[in-house]
Amino acid sequence: MKKARLAAFGLSIFMTGSLFCTPAMADDTVSADTAQASLDEVNASIAVYEQQRDDLLSQIDDLESQLVTTIASVDHINEQLDQVTKELAGTETKLAAAKKKQDTEKEAMKARIQYYYESGGAPGWVTALIEDGDVQAALATTMEQDLYNYDRQQLQNYIDAANEVKELKSQQLEQKSQLMSKKNSLDESQSQLQSLLDQAKNKYSAEDYDAKIQDAYAKAAEYSSIISNYNDAISASLALQSSSTDSASTVDTSTAEAKSTINQIAQQIAQQTGASTSQAQAAAKKAYQQAGTIGNGSTASGEALLNYAKQFLGGKYVWGGNSLTTGVDCSGFVQQVYKNFGIDTTRTSYTIANQGQEVSYADAQVGDVFVYDGHVGIYAGNGQMINAVDENTGIAYTNVNYDQIKTIRRFLPTETATGSTGSGTDDTAVSSTATTDTASTADSSAAAQ
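The model shown is predicted, which means the values in this text are computed figures rather than measured ones. (Residues numbered from 1 in each chain as written. Predicted model: local features only at pLDDT ≥ 70, side-chain atom pairs only at ≥ 80, totals over all residues. Heavy atoms only, no water.)

Along the backbone of the chain there are 13 helices and 8 strands. Counting the 449 residues in the chain, one finds 49% classified as buried. Total accessible area on the chain is roughly 21,000 Å²; 50% of this is exposed by carbon and sulfur atoms. (Helix = DSSP H or I, 4+ residues; strand = E, 2+ residues; numbered from the N terminus. Buried < 20%, exposed > 50% of the residue type's maximum accessible area, 1.4 Å probe, protein only. Areas by Shrake-Rupley, 256 points an atom, 1.4 Å probe, with all protein chains shown as cover.)

This is the structure in structure tokens:
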């Protein structure tokens, strides 16, 4: 499972020096023309998979279509839940071992200190340290040097053990947050599936019902395969783009918008890694440049919506929350941001997936809503989205391919975008007020992601 939520947009660049694994087809020896041809081929495949997805769902009625996507969603979330559960168990095993090691190193340090105390003194280097003197001058003998090296290594062992415990505790907290989020998403999807099954019983005859459900499960497997290929192609596209220095160099980082985004990414990197300001800035700039070029252009309304949403970066995540200032979940975040612009969206990720106008990945613009299984986020350009991630992360930027993209929805009026690599020229405008169903007015206690 891809877990871009575990890091801000540029964290993986800081940690590994590369945002994505570079495929063999795009190594340094490949010419720019060949790399571009490979990128064009991958992007074409994305459009093919989008068409396959749409063709599959167009063959069946709306109710069965919803059954197909919901069955696939339940299966995918269950797979993720199993994986996170295993990862958490592994982390907790490592944490127990790390704590034991830390305690051992601590006891060794205590025994060493007790030895110095009981022996009535300390080696010269210890005295020099206490008196803020010259440690090297205090190392008068080979024995003193050996003692110094021994104690220094012992202290380093303890520091390393303590840091490992700290890192594993952070990882444990993050995975527990993921686990809770996935459980909530699974509850939502299973509830929706049961509702659809009840509708199907009322709509179809007993004989037709069995056939429809059997067909829905078969098509759900086919749909899942298409979505998996679709997202693999998206990841390959982003990787190819990030491996191209020519592509990265054309991304303008001098604009106020770019600087603001880079600063926000850098803050997240610094907070999560302890990197210096200059290191975090460098990693954030590189991430911004290498993130890919889809949807770099944006409309005036998209920019306005994004600028409003960015005010709440770092805000609190609360399951079922509806307040941008005191706490909100992913669909609540989308709903409340759009509400500020007079646009009503529904209150769950499931219903948002069926609202607005579907757009292709190539035509994604700032302000569009990326939809996943049990999650939604607002596209921010350059391969990023701003979203309420989970209780551990809050409102932050994450990579758009952190998980399988199911659909991209547009709620803003479609305008011609400047600098967009997608067409962005469709004159069909989406109504400024989207249809609101009963889910949008549900009590916040029953609200889901």
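Past the structure itself, the notes keep going.
Below, the discussion takes up the sheet that holds strand β5 (residues 375-381). In space, the 6 strands of this open sheet follow the order β3-β8-β4-β5-β6-β7, with antiparallel pairing throughout. Looking at the sheet topology across the chains shown, the edges are occupied by β3 (357-358) and β7 (395-399). Note that β3 and strand β8 (residues 407-410) share 2 bridges and pair antiparallel. Counted as the bridge partner of glutamate 358 is arginine 409 from β8. The sheet contacts of helix α11 (residues 300-310) involve β5, β6 (384-388) and β7, and relative to β6 the element is tilted by about 45°. (Pairing = 2+ DSSP bridges. Contact = heavy atoms within 4.5 Å. Axes fitted to C-alpha atoms, helices over the stretch in contact; angles between N-to-C directions.)

This structure, assessed with the given rule, holds 5 aromatic pairs. Taken together, a centroid distance of 5.2 Å and an interplanar angle of 75° make the contact between tyrosine 308 and phenylalanine 312 edge-to-face. Here tyrosine 308 and phenylalanine 312 have matching classes, each one buried. An aromatic cluster of three or more residues is present, and its members are Tyr308, Phe312 and Phe341. A cation over an aromatic ring shows up here: arginine 53 above the ring of tyrosine 230, its NZ or CZ 5.6 Å from the ring centre. (Phe/Tyr/Trp six-rings, centres within 6.5 Å; stacked < 30°, edge-to-face > 60°. Lys NZ or Arg CZ within 6 Å of the ring centre and 35° of its normal.)

The final tally for this structure, using the stated rule, is 12 salt bridges. Put simply, lysine 110 and glutamate 107 hold a salt bridge, and the shortest N to O gap is 3.4 Å. Here glutamate 107 and lysine 110 lie together in helix α3 (residues 62-118), a separation of 3 residues that amounts to about one turn. Lysine 110 sits in the partly exposed class, given a relative accessible area of 44%. Residues aspartate 368 and arginine 410 are paired through a salt bridge, measuring 2.8 Å at the closest nitrogen-oxygen approach. Of this pair, aspartate 368 sits in the loop between β3 and β4 (369-372) while arginine 410 is found in strand β8, placing the two residues 42 residues apart along the sequence. As far as burial versus exposure is concerned, aspartate 368 and arginine 410 are alike and both buried. Through salt bridges that share partners, Arg53, Asp54, Glu358 and Arg409 make up one connected network. (Salt bridge = Lys/Arg side-chain N within 4 Å of Asp/Glu carboxyl O.)

Where burial is concerned, the two faces of β8 agree: the one with Thr407 and Arg409 and the one with Ile408 and Arg410 are both buried. Relative to β8, β4 runs antiparallel, the two sharing 3 bridges. Considered in β8, the bridge of phenylalanine 370 is made with isoleucine 408.

As for its position among the elements, threonine 398 is in strand β7. On the accessibility criterion, threonine 398 (1% relative accessible area) is buried. In terms of polar contacts, threonine 398 uses its side chain to reach the side chain of asparagine 387, at 3.0 Å. (Polar contact = N/O pair within 3.5 Å; in protein donor to acceptor, adjacent residues only side chain to side chain.)

What follows is about the nonpolar core. Core analysis: the biggest nonpolar cluster contains 47 residues, and Leu67, Tyr230, Tyr361 and Phe370 have the highest contact counts within it. Breaking this core down by element, the ones donating at least two residues are α2 (32-58), α3, α6 (142-203), α7 (206-243) and β4. When residues in this core are grouped by element, the largest group, 12 residues, is from α7. Apart from the residues within four sequence positions on either side, tyrosine 230 is in contact with Ile46, Tyr49, Glu50, Arg53, Tyr361, Ile405 and Ile408. Within the second largest apolar cluster, 36 residues are counted, among which are Ala283, Ala309, Leu324 and Ile378. (Core = buried A, V, L, I, M, F, W, Y, C linked by side-chain atoms within 4.5 Å.)

Structurally, glutamine 154 is set in helix α6. On a C-alpha basis, the gap between glutamine 154 and lysine 106 in space is 9.3 Å, while along the polypeptide they are 48 residues apart.

Okay, unusual backbone geometry next. Of note, the phi angle at asparagine 382 is positive, near 55°, even though the residue is not glycine. Relative to the helices and strands, asparagine 382 is located in the loop between β5 and β6. Under the relative-accessibility criterion, asparagine 382 is labelled buried at 6%.

Further remarks concern the environment of alanine 304. Checked against the element boundaries, alanine 304 lands in helix α11. Taking C-alpha positions, alanine 304 is 9.6 Å from valine 366, a pair spaced 62 residues apart along the chain.

Per-chain confidence: the chain averages 80 in pLDDT, with 73% of residues scoring 70 or above. Taken together, the stretch residues 1-9 has pLDDT below 50 and engages in 46 contacts with residues farther than four places along the chain or on a different chain. Counting interchain partners and residues more than four positions distant, the pLDDT-below-50 stretch residues 245-249 has 5 contacts. (pLDDT = per-residue confidence, 0-100.)

For the rest of this paragraph, the subject is the environment of valine 400. Its place among the elements puts valine 400 in the loop between β7 and β8. Taking the C-alpha atoms as reference points, valine 400 and tyrosine 372, 28 residues apart in sequence, are found 9.8 Å from one another. Those residues in contact with valine 400 that lie beyond four places of it in its chain are Phe370, Tyr372, Tyr379, Gly383, Gln384, Met385 and Ile405.

Moving on to the packing of α11 against helix α12 (residues 330-339). When two helices pack together, their arrangement is given by the angle between the helix axes and by the axis-to-axis distance. Following both chains from N to C, one finds α11 and α12 inclined at 120°, their axes separated by 10 Å at the closest point. Classified by the angle between their axes, α11 and α12 sit oblique to one another. In this structure, α11 meets α12 at a crossing whose hand is right-handed. Of α12, the residues touching α11 (which contributes Leu305, Tyr308 and Ala309) are Phe333, Gln336, Val337 and Tyr338. (Parallel < 35°, antiparallel > 145°, perpendicular 65-115°, else oblique. Left-handed = near helix turned anticlockwise from the far one by under 90°.)

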